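Reading the structure
Now for the letters of each chain:
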Amino acid sequence: MVEQVRREVITDRRNHLRRIEWLTPGVVWALDGTEEKLGNETLYLQNLQDLGSRYKFSPLSGECPVGEEVAGYLRDKFDRYGAPLVLKRDNEGNMNHTAINEVLTESFVLP
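Residues numbered from 1 in each chain as written. Predicted model: local features only at pLDDT ≥ 70, side-chain atom pairs only at ≥ 80, totals over all residues. Heavy atoms only, no water.

A closer look at the pattern of salt bridges
Under the defined criterion, the tally for this structure stands at four salt bridges. One salt bridge connects D76 with K77, and the closest N-O pair in it is separated by 3.7 Å. Note on K77: relative accessible area 9%, which makes it buried. (Salt bridge = Lys/Arg side-chain N within 4 Å of Asp/Glu carboxyl O. Buried < 20%, exposed > 50% of the residue type's maximum accessible area, 1.4 Å probe, protein only.)

Things to note about the environment of R75
Among the secondary structure elements, R75 is positioned in helix α2 (residues 67–81). Expressed as a C-alpha distance, the spacing of R75 and S61, which sit 14 residues apart in the sequence, is 16 Å. (Helix = DSSP H or I, 4+ residues; strand = E, 2+ residues; numbered from the N terminus.)

A look at the pairing of strand β1 (residues 28–38)
The pairing of β1 with strand β5 (residues 86–89) spans four bridges and is classified as parallel. Within β5, the position partnered with W29 by the bridge is L87. Sheet topology places β1 next to strand β2 (residues 41–50); ten bridges connect them, and they run antiparallel. When the bridges of β2 are listed, K37 appears paired with T42. Linking two consecutive strands that pair antiparallel, namely β1 and β2, is a turn of two residues; a positive phi of about 70 degrees is found at G39 within it. (Pairing = 2+ DSSP bridges.)

Structural notes on unusual backbone geometry
With a phi angle near 65 degrees, R54 is a residue other than glycine that sits in the positive phi range. Its location among the elements puts R54 in the loop between β2 and β3 (55–56). When its relative accessible area of 58% is taken as the criterion, R54 is described as exposed.

Section: the nonpolar core
W29, L31, L48, L74, F78, L87 and I100 are the most contacted members of the largest nonpolar core, which totals 15 residues. Elements that contribute at least two residues to this core include exactly β1, α2 and α3 (98–108). A per-element tally of this core places α2 first, with five residues. Sequence-distant contacts of I100, that is, excluding residues within four places in its chain, are made with G67, V70, A71, L74, R89, N94 and M95. (Core = buried A, V, L, I, M, F, W, Y, C linked by side-chain atoms within 4.5 Å. Contact = heavy atoms within 4.5 Å.)

Some words on the side chain of D50
Mapping D50 onto the fold places it in strand β2. At 2.9 Å, the side chain of D50 forms a polar contact with the backbone nitrogen of G52. Residues contacting D50, with those up to four places away along its chain left out, are P25, G26, V28, W29, Y55 and F57. (Polar contact = N/O pair within 3.5 Å; in protein donor to acceptor, adjacent residues only side chain to side chain.)

So, α2
Taking 1.5 Å as the rise per residue, α2 with 15 residues should run 21 Å; its terminal C-alpha atoms sit 21 Å apart, in good agreement. Regarding α2, the residues found buried are G67, V70, A71, Y73, L74, K77 and F78. Angularly, the buried residues of α2 cover 160 degrees about the axis, an arc narrow enough to put them on a single face. Residues of α2 that are exposed and point over 90 degrees away from its buried face: D79 and R80. Contacts from the buried residues of α2 go to β1, β2, β4 (60–62), β5 and α3. Note on α2: the residue one or two positions beyond its end, G82, has a positive phi of about 90 degrees. (Expected span 1.5 Å × (residues − 1). Arc of directions from axis to C-beta.)

Here it is in structure tokens:
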């Protein structure tokens, strides 16, 4: 009985959460880093996704990319596809870098 009440409370909380659903492609992109352990090695991925279309761009992979590499990756995507209106990113390590901030400033400045 206790387990059933817990499930009902959790379900009720989830049903009352606010959710954002991105419907228009090209407006909001998300940038996120992740790592995978492969035996003694670690593979780092910098993932980029268009949230409106759910399109996942090819990731930046290899060793942990430094800010300049991520900035070049973003600049390449912006040059090819155009910059989105919003770029969601973490404020950690390699994503909180001067080179990335410069690319974003160049790409998101309004005329």
